[in-house]
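Breakdown of the fold
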Amino acid sequence: MDITTKNTEAPPPSPQPTEAESKRAARGATRPGDRIFLGLSRGSGILLLVVMAAIAVFLTYRATLAISKDHGNFLTTLEWNTGVNPPTFGIAVLAYGTVISSIIAMVIAVPIAVSIALFLTHYAPRRLSGPISYVIDLLAAVPSIVYGLWGALILVPNLNGLFGWLNDYFGWTGFFSWDEGAPRSMLTVGILLAIMILPIITNVSREVFRQAPLMHQEAALALGATRWEVIRMSVLPFGRSGVISASMLGLGRALGETMAVATVLSPDFLIHLSLLNPGGGTFAQNIASKFGEANEFGRDALIASGLVLFVITLLVNGAARLIIARRKEYSGANA
């Protein structure tokens, strides 16, 4: 009887990569195309940092020239007189108006945008969600000057009823008291900005909600959850970081909006407690309205206010990144 013997010899060891191959693998670029793409990507990132640094240096230099000759307090002065001698100007009104109008816009736009995104992704039938999504995409592409003209010709004349109702029921707070002047106030600006940023937040939130894991939703339904419970337990936790990112994109547009605000606002350099009475101003609106008639020193003063807006925008984006980083592990994206 033949006895078949098995080969018990160990397989030959696989060849070890050379030192050069190990270095190339560690760099992540082993082909010419990979190396070219890596270089282009790295160069683009460095170029972006250089451009940002150049903008910061330019703004800081020109702002220093203006602030050094300012005879008022740049942070607290409630006037803007750069054409007199000595010049006196400050950003208190502009900072207040920019922050207040942006907060109003976010309070109005974010809940509505998230609700629309959830409706389009989880409630609306396909034949309805498609046309609505298309219209929202078109609204995101409308120029700001068109929104401004619409606000001046349509929105402002039709806000008297809303302002009167707010004055009747909430005027005692001081924030909604109204002297029946033209409704060209910070609340008007906030409403217009909310309409402008609504498509941006809606589009990004909609795409994020569409990426929610289908298995999580089906598992929740299998356990007897309602549609809202599925959204609350699976979709919203997954899309929280995306909604925050979308909100920051909208806030960035609200902070820097120029022509639309200049069209519907009656600016002055007083801080009004009431959001309904005309007056106030924003950084972008003030720069747009005064840059053409300003002398060289006046332009430096406007650039100084632009530097403050630049810093505010960086702080807002940095805060958003921190919030997203803290909530990322709870978002469900890594499940």
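Bear in mind that the values here come from a model prediction, so they are computed numbers and not experimental data.

Conventions we followed
- Residues numbered from 1 in each chain as written.
- Predicted model: local features only at pLDDT ≥ 70, side-chain atom pairs only at ≥ 80, totals over all residues.
- Heavy atoms only, no water.
- Helix = DSSP H or I, 4+ residues; strand = E, 2+ residues; numbered from the N terminus.
- Buried < 20%, exposed > 50% of the residue type's maximum accessible area, 1.4 Å probe, protein only.
- Polar contact = N/O pair within 3.5 Å; in protein donor to acceptor, adjacent residues only side chain to side chain.
- Contact = heavy atoms within 4.5 Å.
- Arc of directions from axis to C-beta.
- Salt bridge = Lys/Arg side-chain N within 4 Å of Asp/Glu carboxyl O.
- UniProt positions renumbered as here; feature names shortened; annotations may be inferred.
- Axes fitted to C-alpha atoms, helices over the stretch in contact; angles between N-to-C directions.
- Left-handed = near helix turned anticlockwise from the far one by under 90°.
- Nonpolar A, V, L, I, M, F, W, Y, C, P; charged D, E, K, R; others polar.
- Patch = residues over 30% accessible without salt bridge, like charges linked within 9 Å, V, L, I, M, F, W, Y side chains within 5 Å.
- Areas by Shrake-Rupley, 256 points an atom, 1.4 Å probe, with all protein chains shown as cover.
- Core = buried A, V, L, I, M, F, W, Y, C linked by side-chain atoms within 4.5 Å.

A look at the side chain of His122
By the secondary structure assignment, His122 is in helix H3 (residues 92-122). Given the relative accessible area of 17%, His122 is considered buried. Polar contacts involving the side chain of His122 include one to the side chain of Thr121, which spans 2.7 Å. In this view, His122 contacts Phe209, Gln217, Arg227, Ile231 and Val235; residues no more than four positions away in its chain are not counted.

Notes on helix H6 (residues 160-170)
Those residues of H6 that sit buried are Phe163, Gly164 and Leu166. Along the long axis of H6, the arc covered by the buried residues comes to 160°, so they all point the same way. Away from the buried face of H6 by more than 90 degrees, exposed residues Gly161, Asp168 and Tyr169 are located. Where H6 is buried, its residues contact helix H7 (186-210).

Topic: the pattern of salt bridges
One pass over the structure, following the stated rule, counts five salt bridges. In this structure, Arg206 and Asp137 form a salt bridge, with 3.7 Å as the shortest nitrogen-oxygen distance. Here Arg206 is found in helix H7, whereas its partner Asp137 is found in helix H4 (residues 126-140), with 69 residues between them in sequence. Since its relative accessible area comes to 34%, Asp137 is described here as partly exposed. In this structure, the salt-bridge partner of Glu207 is Arg210, at a minimum N-O distance of 3.4 Å. Of this pair, Glu207 and Arg210 both sit in helix H7, three residues apart, which is roughly one turn of that helix. On the basis of relative accessible area, Glu207 is assigned to the partly exposed category, the value being 35%. Relative accessible area serves as the criterion here: at 44%, Arg210 is assigned to the partly exposed category.

Observations concerning the environment of Phe176
Along the chain, the position of Phe176 falls in the loop between H6 and H7. Taking the relative accessible area as the measure of exposure, Phe176 reaches 24% and is therefore partly exposed. Measuring from C-alpha to C-alpha, the distance between Phe176 and Leu187 comes to 9.3 Å, with eleven residues separating the pair along the chain. Not counting chain neighbours up to four residues away, the residues in contact with Phe176 comprise Leu166, Asn167, Phe170, Gly171, Ser274, Leu275 and Leu276.

Points about the UniProt feature "transmembrane region" (unreviewed entry) in the protein chain
UniProt feature "transmembrane region" (unreviewed entry): in the numbering of this structure it lies at residues 45-67, 87-120, 132-156, 185-205 and 301-324. Secondary structure content for residues 45-67 is 100% helix and 0% strand, and the end C-alpha separation is 33 Å. Between the C-alpha atoms that bound residues 87-120 there is a distance of 54 Å. The span itself is 85% helix and 6% strand.

So, the packing of H3 against H7
Relative orientation of the contacting elements H3 and H7 amounts to 35°, with a least axis distance of 6 Å. H3 and H7 meet at a crossing whose hand is right-handed. Of the residues in the contact of H3 with H7, the class split is 23 nonpolar, seven polar and two charged.

Brief notes about a nonpolar patch on the surface
Together, Ile46, Leu47, Leu48, Val50, Val51, Met52, Ile55 and Leu314 make up a nonpolar patch on the protein surface, roughly 700 Å² of accessible area in all. The element best represented in the nonpolar patch is helix H2 (residues 32-67), accounting for seven residues. Summarising the element assignment, Ile55 is placed in helix H2.

Overview of the side chain of Ser234
Mapped onto the fold, Ser234 is located in helix H9 (residues 227-256). A relative accessible area of 11% means that Ser234 is categorised as buried. Those residues in contact with Ser234 that lie beyond four places of it in its chain are His216, Gln217, Ala220 and Glu229.

Considering the nonpolar core
Buried together is how nonpolar side chains tend to be arranged in soluble globular proteins. In terms of nonpolar packing, the biggest core is built from 65 residues, with Trp80 and Leu187 touching the most fellow members. Excluding anything up to four places from it in sequence, Leu187 contacts Ile104, Phe163, Leu166, Leu275 and Leu276.

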